[in-house]
Amino acid sequence: MVTGVGLVSPLGIGTEETWAGLREGRSGAGPITLFDASQHTTHFACEVKGFDPLKWVEKKEVKKMDRFIQFAVAAADLAVQDSRIEIGPGNADQVGVFIGSGIGGFATIEREHTELMNGGPRKVSPFFIPSAIVNLASGWVAIRTGAKGPNSATATACTASAHALGESFRYIQRGDADAMIAGGSEAAITPLGVGGFCSMRALSTRNDAPERASRPFDRDRDGFVIGEGSGVVILEELEHARARGATIYCELVGYGMSGDAYHITAPCEDGDGAIRVMRKTLKDAGVDPSVVDYVNVHGTSTPRGDEVEVLALREVFGPHAKKLAFSSTKSMTGHLLGAAGGLEAGISALAIRDQVLPPTINHENPDEGFDLDCVPNQARSAPVRYALSNSFGFGGTNGALLFKRFEG
């Protein structure tokens, strides 16, 4: 069961602020302010605006945490508050934490390398390693909440937080935990992070109109828009949630993984990996593809990636594909890399809660032959019983999660 959602995104610091921005169809893209990007080919990103770590973290602790950890702490705090779950001596060992990140503390690594080059090894901070490594997001959240159950992290590129949620789901199924604080966090809008993606020619260069740059399934797309933030949800065993009177957003009923074994960055041209992961997830849930109402797609706004995902949707859903609604909320949030799956799981839960489909904005000139429903440009009310969330990552690692409206 999903009993709490915490979102820190380019659309707002807080779950309802983010959800309002999505329903409005608002873009979170704008000029990069975190560093001088004038020498990069891309000058814009989807930054989290106005984030003050001191609202979430004590001053003496801020220097021990990279920005991605600060985001994770904030999102986890929001999720725990939303769920009203209490963690204490009686249940701490049955509450775990599993937060993924594709890249981890890039800003810290860059800063400390500069210190090393300018001043030698004595200038490197003693907090460098624990501030930068991926699992310290989970570590800090556990320390702050007192959760002593399973504690882990994933670094499976852009699928990291989908895998974190899926493995947390398995922990609960096995009885290893009654509840998990799970999701992902990323803060890679740095000179090196943006520079690397620019060199790959993966980012949009629509510098004159950043808010129109992320345009999944539109033939004028020219790459993705990098984003940052965190999405964390509380997953909970049903009877545990009922016993404490928790509010239930929805039920997580299926999880699947697959590997492309094809290319370091490109998806299989025939959509094989995406097809198999969706089918595995539906099989895990024991449901037919025809029952799915909505898919929050990976849809990053890269030319080949979007085409392959549409191909996979057609193959998995068959005739139902034309009745299916799907959208890429990355058109508004940008691509949060390893945090994307956590953010989009939270969005899927909110879509089920409110029976509202968030849009794919900037959908002006569809790809040739594109005749499916990507909820173009405007949110709309619609029945949502089952919602699927897709995540695909570099190296051909794939994950999908199926959520169901709770009817219990």
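Given the structure is predicted, the values throughout are model-derived calculations rather than measurements. (Residues numbered from 1 in each chain as written. Predicted model: local features only at pLDDT ≥ 70, side-chain atom pairs only at ≥ 80, totals over all residues. Heavy atoms only, no water.)

K.L.:
Break down the packing of aromatic side chains for me, citing the residues and quoting the values.
P.N.:
Here the structure, examined in full by the defined rule, presents seven aromatic pairs. Judged by centre distance (6.5 Å) and plane angle (55°), the ring pair of phenylalanine 197 and phenylalanine 394 falls under tilted. Here the residue phenylalanine 197 occupies a position in helix H8 (residues 191-199), and phenylalanine 394 occupies one in the loop between strand E14 (386-393) and strand E15 (397-404), the gap between them amounting to 197 residues. The buried category is assigned to phenylalanine 197, whose relative accessible area is 10%. One aromatic cluster is present, built from ring pairs that chain together Phe197, Phe224 and Phe394. (Phe/Tyr/Trp six-rings, centres within 6.5 Å; stacked < 30°, edge-to-face > 60°. Helix = DSSP H or I, 4+ residues; strand = E, 2+ residues; numbered from the N terminus. Buried < 20%, exposed > 50% of the residue type's maximum accessible area, 1.4 Å probe, protein only.)

K.L.:
Lay out the nonpolar core in plain terms, naming residues and giving numbers.
P.N.:
Grouped together as the largest cluster of nonpolar side chains are 44 residues, with contacts concentrated most on Val2, Leu401 and Phe403. Those residues in contact with phenylalanine 403 that lie beyond four places of it in its chain are Val2, Cys250, Glu251, Leu252, Ala345, Ser348, Ile352, Arg385, Tyr386, Ala387 and Ser389. Counting residues in hydrophobic clusters, the runner-up holds 33 residues, among them Phe71, Ala72, Leu78 and Val95. (Core = buried A, V, L, I, M, F, W, Y, C linked by side-chain atoms within 4.5 Å. Contact = heavy atoms within 4.5 Å.)

K.L.:
Give a detailed account of the environment of valine 375, specifying residues and quantitative values.
P.N.:
With respect to the helices and strands, valine 375 occurs in the loop between strand E12 (356-357) and strand E13 (380-381). Valine 375 sits 343 residues away from isoleucine 32 along the chain, and the two C-alpha atoms are 29 Å apart. Residues within four places of valine 375 in sequence aside, it is in contact with Ala325, Phe326, Ser327, Leu357, Pro358, Pro359, Thr360 and Arg380.

K.L.:
Give a detailed account of the pattern of salt bridges, specifying residues and quantitative values.
P.N.:
Scanning the entire structure with this criterion turns up 26 salt bridges. Aspartate 354 serves as the salt-bridge partner of arginine 353, at 2.8 Å between the closest nitrogen and oxygen. Take arginine 353: its relative accessible area is 33%, and that puts it in the partly exposed class. With a relative accessible area of 27%, aspartate 354 lands in the partly exposed category. Taken together, the salt bridges that share partners define one network made up of Glu16, Arg23, Arg353 and Asp354. (Salt bridge = Lys/Arg side-chain N within 4 Å of Asp/Glu carboxyl O.)

K.L.:
Run through the sheet that holds strand E5 (residues 95-100), naming residues and quoting values.
P.N.:
Pairing is mixed across the open sheet formed by six strands, whose spatial order is E2-E1-E8-E7-E5-E6. Lying at the two open borders of the sheet, with one neighbouring strand each, are strand E2 (12-13) and strand E6 (151-152). When strand E1 (residues 2-9) meets E2, the two strands line up antiparallel, connected through two bridges. Considered in E2, the bridge of valine 8 is made with isoleucine 13. Packing of helix H3 (residues 67-83) onto the sheet brings it into contact with E1, E5, strand E7 (179-186) and strand E8 (229-236), and relative to E1 it is tilted by some 145°. Lying on the sheet, helix H13 (residues 340-354) is in contact with E1, E7 and E8; it crosses E1 at an angle near 125°. (Pairing = 2+ DSSP bridges. Axes fitted to C-alpha atoms, helices over the stretch in contact; angles between N-to-C directions.)

K.L.:
Please provide a residue-by-residue account of the sheet that holds strand E9 (residues 251-259), values included.
P.N.:
Strand pairing in a sheet is mediated by backbone hydrogen bonds. Such pairs are either parallel or antiparallel. Spatial ordering of the open sheet is given by E9-E15-E14-E10-E11, a layout of five strands whose pairing is mixed. Edge positions in the open sheet fall to E9 and strand E11 (325-327), since each of these has one partner strand only. On average, adjacent strands in this sheet sit at an angle of 15° to one another, irrespective of strand direction. With three bridges joining them, strand E10 (residues 294-296) and E11 adopt parallel strand pairing. Opposite valine 295, over in E11, you have phenylalanine 326 as the bridge partner. Strands E9, E14 and E15 of the sheet are contacted by helix H7 (residues 160-174), whose axis makes an angle of about 120° with E9. Seen against the sheet, H13 touches E10, E14 and E15 and runs at an angle of roughly 170° to E14.

K.L.:
If you had to explain the environment of aspartate 93 to someone new, which residues and values would you point to?
P.N.:
Checked against the element boundaries, aspartate 93 lands in the loop between H3 and E5. Residues aspartate 93 and proline 150 lie 57 residues apart in sequence; the distance between their C-alpha atoms is 7.9 Å. Apart from the residues lying within four places of it in its own chain, the contact partners of aspartate 93 are Lys148 and Gly149.

That is the geometry; function is a separate question.
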